[in-house]
Amino acid sequence: MRLIGKRGSLAFIITTVLLISLFSSCSQQQRIKVVNFPENRPFVYSNQINILDTLPKDEKKRLITELQNYWEDSLQVRIVQKYIGLKNILSNPPVFDSSNIPRSMTFMTAYLNSQGYFYSGLKDSVSYDTFKTQLRANVFMNITVGKNISIDSVSYDFSDSTLRALVLANTSESLLKKGKAYTKQVISDELDRLTNLFRQNGYYNFNRDDLMAVVDTLDTKLLPLTLDPFKQAEIIAQADKRRKENPTWDINLTHRPIFDSSKLLQFSMGHIYYYPETGIADIPDSVIRRKDFKTDSFRAGIMKYNKGLFRFRPLREHTYLSRGDKYNEANYYKTINRLGQLGAWQQADAVLRIRDKDTLDMHILLVPAIKQTVAAELEGSRNSGDVITGNTLGISTNLSYTNRNRWRQAVQQQTVLRTGVELNLLSQGNNPLLQTFLLSGSHTYVLPRILTPFGNWRSLRNLENKKTLFTLNSSYIDRKNFYNVTSFTASIGYEWRKPVKNGDHLWLYKPLNIELYGIKRLAGLDSLIKNNPFLQASFNEGNIVSQSLSFIRTTTSPKNRNKSHYLRIGIEEAGGLFGLLPGLQNNIYRYIKTETEYRQRILYPKSELAYRAFAGFGYNYGSDPTIGRTLPFFKQFIVGGPYSMRAWGLRQLGLGSSVFSDTVNSSYRDRFGDMQLETNIEYRFQLASLGSFKIGSAVFADIGNIWNLKKNAQDPDSRFSFGNLGKDLAIGIGTGLRFDFSYFLIRFDVAYRVKDPARSTNGGWMSIKDFVWSEQRTPTLKVNNAALQFGIGLPF
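Residues numbered from 1 in each chain as written. Predicted model: local features only at pLDDT ≥ 70, side-chain atom pairs only at ≥ 80, totals over all residues. Heavy atoms only, no water.

**So, the overall build of the protein**
Helix and strand counts for the protein come out as 12 helices and 32 strands. Here the protein holds 796 residues, and the buried ones make up 47% of them. Accessible surface, the protein as shown: approximately 40100 Å² in total, 56% of it carbon and sulfur. (Helix = DSSP H or I, 4+ residues; strand = E, 2+ residues; numbered from the N terminus. Buried < 20%, exposed > 50% of the residue type's maximum accessible area, 1.4 Å probe, protein only. Areas by Shrake-Rupley, 256 points an atom, 1.4 Å probe, with all protein chains shown as cover.)

Listed below in structure tokens is the structure:
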């Protein structure tokens, strides 16, 4: 472990990782080794598709990527990656046979037709290279795709009046619009939409095969007849010109001839039966036919059981179909999925039975999960930033008890005991090996409904994944030589989810959150505050009575299914009302704190580009000098470590461009701020794979810092100012290795400080000419410019 702090060893690690990433990013063709190739005969060494038209960049890339899958099998080039991306093997390449090219052209033309390109042209070419005893054939396909067909008009023709009225009432949701590009996929999606529309309005027996789309490609201007052959030729020529310049088609959606009258019947829901104690090996038909169950009948349904392990309420509250309602397939699946997500059951399924011609009885079969479990977990995190205090290893052990069906109401109960330490691996001088000790316990109840003090609100029925959370937590933190913190927190919260088009909305509201803290200052902290009185308020004792609201939106781009978006907005307000009470004015903090985070991921075949932006602000609007002018340190922002600003150790960056902490005390350099700005970009790529085990790498850049919002006369550089933003921002770049075991990922990242606001030379920027791995900032403080981070999971 001590080797990490050595300049030569750290340089070796960084150089090794950089070389692996460099080799991996080289042209694949330069690293191909061909084995078992046919002697004295040309073999397929490479294939390439070129689209000659001027198309939008994304559309051209999409077409080329998809067309690669339509080479005839004997023209495919299958390369296997070996040795962590340093070598690629082309084994047993097929003999090149030009007769296979027309088949590839047929496949590619069919694909282009499915995408609305009906006037494409394909031309092949082949080049031969000789390498030692190899005769390599390189196959090229040059394609002119032509103009994409667009939709001219859309019509719906349904003989049944109820179906027709239903379709016309929902035409605004149609995926087919005049002027939109024609593809077979959009036609298929529109047929799926109509099928779902019908099955959500009672048409249980209607299915996708009952619908069809009729595409009219005829140019109506060709219909009038003329006896003048020259005029007819002119009309044909004009039609051909229009077809090439702006080809359009008319689309009519209708149903096939229907011989089964039940397809046009609207079904209503009948009885709903629940079997909450179904065995994992039970056959549904046998369960439904059994006569030995105990039966409880309710207005909302009938529960059949033997042991009485469950009450009826959670079943009723998470069923989205009611007796007498029209059958709705979306609510049918929502019911099954939601009951299966409660945690009390490991499997949920349902069977529908037709009764009395147009009535559906629903039988819900639920297999109970193991009620009680005990689990132990070991966690670790590693970060190295500064030689003196930043090289730490965190180890924690969690012991958890879970009850998935407390009070027979499908209430989830969890109790967690956690103990952990943070070790200073390069302990020297007055810095102990054991830097931080943590002991905590938490107890949580998750109720599968929104618990309100004023009865049930009808509007709550429209919410999904409804939960009420009661949480108790207590912890003890011993930061050796500096402080001991004892805390107790209690909160009540509501969580609900609402699906949206191409995504999901998650809300979490805590109307009441109480946090009680006791801080015991030790000699090291007293000495630090003596040199920096501004820290006095941050380590004062104070309690918190707050409420908070969080919103998370996750979506997938409708135009690119490989692009996902994540947005999180949170706000916490403390002491706004309770802080006015005379007995609490000097004991609780009054502040408002907001956080906004945005992430984006773009997936490619063997790589991805990830981006993150974060902004956090906390403002203490209280005027009490005892509580102080900043947020309490346990609510402030920190940066550095394996998940944030990876060129710095945990809590070792900031505030702004201040070096005050370095000059007053070099043994305690933890930084906390009232404001944080950070952005990260990371390009991740695969190096090698073996089954489900994958080895990957990444190159990344981190930009950000933390600040205080209020002025500190002793440390003016710690306050945020737009004028100093360029000076205060820190920049780190790096690379790393990721070992993905499917169920968890281990990550090693190496990062270098390209711009360090605390660096006094060159405006904080690194010097290429005078490159150094470490700097002597003060006579007692030596700082590494590089850091090695160990983390579990991706950084964001």
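**Some details on the sheet that holds strand 2 (residues 43-51)**
On the basis of which strands lie adjacent, the open sheet formed by 3 strands has the order 2-6-5 and mixed pairing. Edge strands, defined here as strands with exactly one partner in the open sheet, are strand 2 and strand 5 (121-131). For this sheet the average axis-to-axis angle between neighbouring strands, irrespective of direction, equals 20 degrees. In terms of strand pairing, strand 5 meets strand 6 (residues 134-144) through 11 bridges, oriented antiparallel. Among the inter-strand pairings, S127 is bridged to a residue of strand 6, identified as N138. Packing against the sheet, helix 2 (residues 57-67) makes contact with strand 2 and strand 6, and its axis sits at approximately 150 degrees to strand 2. Running over the sheet, helix 3 (residues 101-114) touches strand 2, strand 5 and strand 6 and is turned about 135 degrees from strand 5. (Pairing = 2+ DSSP bridges. Axes fitted to C-alpha atoms, helices over the stretch in contact; angles between N-to-C directions. Contact = heavy atoms within 4.5 Å.)

**Considerations on the environment of V639**
Within the secondary structure, V639 sits in the loop between strand 25 (607-620) and helix 11 (660-664). Judged by relative accessible area, which is 1%, V639 ranks as buried. Measuring from C-alpha to C-alpha, the distance between V639 and G673 comes to 9.3 Å, with 34 residues separating the pair along the chain. V639 has contacts with S644, M645, G649, L650, R651, Q652, L653, Q676, E678 and I706, leaving out every residue within four places of it along the chain.

**Let's talk about the pairing of strand 29 (residues 745-755)**
Side chains on a regular strand alternate between the two faces of the sheet. Where burial is concerned, most of strand 29 is hidden: 10 out of the 11 residues are buried. Relative to strand 29, strand 28 (residues 730-740) runs antiparallel, the two being bridged by 10 bridges. Directly across from I733, in strand 29, lies its bridge partner Y752. Connecting strand 28 to the antiparallel partner strand 29 that follows it, the hairpin turn spans 4 residues, and S742 within it adopts a positive phi of roughly 75 degrees.

**Focus: the sheet that holds strand 7 (residues 150-157)**
The sheet built from 3 strands is open, its strands ordered 7-9-8 with mixed pairing. In this open sheet, the two edge strands, each paired with only one partner strand, are strand 7 and strand 8 (211-216). Going from strand to strand, the sheet's axes swing by 25 degrees on average, the running direction of each strand aside. Where strand 8 lies against strand 9 (residues 248-255), 6 bridges are found, and the strand directions are antiparallel. Within strand 9, the residue paired with L211 across the bridge is H255. In the packing of helix 5 (residues 184-199) onto the sheet, the strands contacted are strand 7, strand 8 and strand 9, and the crossing angle to strand 8 comes to about 145 degrees.

**A short note on the packing of aromatic side chains**
In this description, an aromatic ring pair is defined by two values, namely the gap between the centres and the angle between the planes. In the structure shown here, the tally under the stated rule is 34 aromatic pairs. Ring geometry for Y327 versus Y332: centroids 6.3 Å apart, planes at 55 degrees, classification tilted. Residue Y327 is classed as buried on the basis of its relative accessible area of 1%. Residue Y332 is classed as buried on the basis of its relative accessible area of 9%. Through successive ring pairs, a cluster of aromatic residues spans Y204, F267, Y327, Y332 and Y333. Directly above the aromatic system of Y320 lies the positively charged group of K334, at a separation of 4.9 Å from the ring centroid. The side chain of R684 reaches across the aromatic face of F796, ending 5.2 Å from its centre. (Phe/Tyr/Trp six-rings, centres within 6.5 Å; stacked < 30°, edge-to-face > 60°. Lys NZ or Arg CZ within 6 Å of the ring centre and 35° of its normal.)

**Side note on a nonpolar patch on the surface**
On the surface, L472, F488, L512, I514, L516, L577, F578, L580 and L581 cluster together into a nonpolar patch covering about 790 Å² of accessible area. Ranked by residue count, the leading element in the nonpolar patch is strand 21 (residues 503-521), at 3 residues. With respect to the helices and strands, the residue L516 is situated in strand 21. (Patch = residues over 30% accessible without salt bridge, like charges linked within 9 Å, V, L, I, M, F, W, Y side chains within 5 Å. Salt bridge = Lys/Arg side-chain N within 4 Å of Asp/Glu carboxyl O.)

**Quick look at the confidence of the model for the protein**
Overall, the predicted model of the protein reaches an average pLDDT of 84, with 84% of residues at or above 70. Confidence drops under pLDDT 50 across residues 22-30; counting only partners more than four residues distant or on other chains, this segment forms 13 contacts. Note that residues 219-223 has pLDDT below 50 and, in this model, 8 contacts with residues that lie over four places away or in other chains. (pLDDT = per-residue confidence, 0-100.)

**Considering the packing of helix 4 (residues 161-169) against helix 5**
Helix 5 packs onto helix 4 with a crossing angle of 120 degrees between their chain directions and a minimal axis gap of 11 Å. With respect to each other, helix 4 and helix 5 are oriented oblique. For the crossing formed where helix 4 meets helix 5, the hand is right-handed. Judged by residue contacts, L163, L166 and V167 of helix 4 engage L194, L197 and F198 from helix 5. (Parallel < 35°, antiparallel > 145°, perpendicular 65-115°, else oblique. Left-handed = near helix turned anticlockwise from the far one by under 90°.)

**Section: the nonpolar core**
Residues L315, Y327, Y332, W345, M362 and I364 are the most contacted members of the largest nonpolar core, which totals 26 residues. Secondary structure elements with two or more residues in this core: strand 10 (268-275), strand 12 (302-305), helix 9 (329-341), strand 13 (345-355) and strand 14 (359-368). For W345, the residues in contact, after removing those within four places along its chain, are P276, F310, L315, L339, G340, L366, V367, P368, A369 and A410. Residues L163, V167, Y203 and L211 belong to the second largest nonpolar core, which totals 21 residues. (Core = buried A, V, L, I, M, F, W, Y, C linked by side-chain atoms within 4.5 Å.)

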